[in-house]
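# Per-entry structural report
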Amino acid sequence: MVKTSKFTGLKVRGEEMNIIKHRRKYIFISIAIILAGLIMFFVNGLNYGIDFTGGTLIQIKAGKFIPVEEIRKTTDEFDKNASIVHGGANKEDIIIRSTLDLSNEDTNRIITSFESNYGVDRKNAQSEKFGAFMGKEIRNKAVISILIASVAMLIYITFRFEFKFGVAAIIALIHDVLVTIAIYAIFKLPVNSSFIAAILTIVGYSINDTIVIFDRIREERKLNPKESIENIINGSITRTMRRTINTTVTTVLAVVVLYIVGVDDVKVLALPLILGMIAGTYSSIFIAAPLWYDLTKIKTAK
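Below or above, wherever it landed, is the structure these notes cover. All values reported here derive from a predicted model rather than from experimental measurement.

## Details of the environment of Asn47
In this structure, Asn47 sits in strand 3 (residues 47-48). Looking at Asn47, the relative accessible area reads 30%, which means it is partly exposed. Within the structure, the side chain of Asn47 is placed 3.0 Å from the backbone oxygen of Lys188, a separation counted as a polar contact.

Written out as structure tokens, the structure reads:
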């Protein structure tokens, strides 16, 4: 069965595009992911990297490329969860990050192993120890930045649209952040300063698609004041969906390429961006507008 919206001329097959009717299902999916993440967070916590926990950093100029698998034969004896990345144009530099406070004896044994196995000159190796203070400072500033950005966006959207649009948009942004963090908690992915940078980027990126949909809803309300809110929202989302999905796919593909061909330091930034962009598109289509609908219905009920 095909039905045509009176005010948009959109063709919708059956119930597939009735976002409002099925909004509880979409919200339930998000809540389930976030709750699973919260449970894993309270059980195991987040897998904080050296930026947050402090630990030991070892840098070695090997003079040649040594595969990560070979390096782990040495580092696993001291820390099986150590992060290993390559640096330099030819990936001849090795950077080992451990969240453990390795003793000077342990770091010397690691360096000695590279010296004996790969002929690395000890003068080209150095180690440092870090405290967790800088990580806490980065985390606190990130939270403050997100709060400031959210308030600024709420003020702007309220001025541009209305207050309830702003509330729905901010809740959708919080949804994107929580879903990304939840996935990291569930799969115990490493959280470091690059993750914080990605979260701040997600906050700025996710609002764009939501604004486009809200702008369409506002236009349709002016053009068709007698049309039901349900039809206006469903039609507006449908008309902007292709644009929203195409924009996200284009951006995500670029970031996926960076994740595939980039070095490890780029990958730790690209992965949360991919997750956040997907979550942002989902919330723009299935969360933000339905939330505004519910807020509007509350006012109507009163």
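## Some details on the packing of aromatic side chains
Taken as a whole, this structure holds 9 aromatic pairs when the rule is applied. An angle of 50° between the planes, with centres 4.6 Å apart, marks the rings of Phe165 and Phe214 as tilted. A residue pair is termed long-range when its members are at least 10 positions apart, and Phe165 in helix 6 (residues 163-187) and Phe214 in helix 7 (residues 193-223) qualify at 49 residues. The interplanar angle of 5° and the centroid separation of 4.6 Å between the aromatic rings of Phe165 and Trp292 together place this pair among those described as stacked. Within this pair, whereas Phe165 is found in helix 6, its partner Trp292 is found in helix 9 (residues 264-301), the two being separated by 127 residues in sequence. One aromatic cluster in this structure is built from Phe161, Phe165, Phe214 and Trp292.

## Observations regarding the packing of helix 1 (residues 23-44) against helix 6
At a minimum axis separation of 8 Å, helix 1 and helix 6 run at an interaxial angle of 50°. Taken as axis vectors, helix 1 and helix 6 run oblique relative to one another. The handedness of the crossing between helix 1 and helix 6 is left-handed. Between helix 1 and helix 6, the contacting residues are Ser30, Ile33, Ile34, Ala36, Gly37, Met40 and Phe41 on the first element and His175, Leu178, Val179, Ala182, Ala185 and Ile186 on the second. Residues belonging to the contact of helix 1 with helix 6 are distributed by class as follows: 10 nonpolar, 3 polar and no charged.

What counts as what
- Residues numbered from 1 in each chain as written.
- Predicted model: local features only at pLDDT ≥ 70, side-chain atom pairs only at ≥ 80, totals over all residues.
- Heavy atoms only, no water.
- Helix = DSSP H or I, 4+ residues; strand = E, 2+ residues; numbered from the N terminus.
- Buried < 20%, exposed > 50% of the residue type's maximum accessible area, 1.4 Å probe, protein only.
- Polar contact = N/O pair within 3.5 Å; in protein donor to acceptor, adjacent residues only side chain to side chain.
- Phe/Tyr/Trp six-rings, centres within 6.5 Å; stacked < 30°, edge-to-face > 60°.
- Axes fitted to C-alpha atoms, helices over the stretch in contact; angles between N-to-C directions.
- Parallel < 35°, antiparallel > 145°, perpendicular 65-115°, else oblique.
- Left-handed = near helix turned anticlockwise from the far one by under 90°.
- Contact = heavy atoms within 4.5 Å.
- Nonpolar A, V, L, I, M, F, W, Y, C, P; charged D, E, K, R; others polar.

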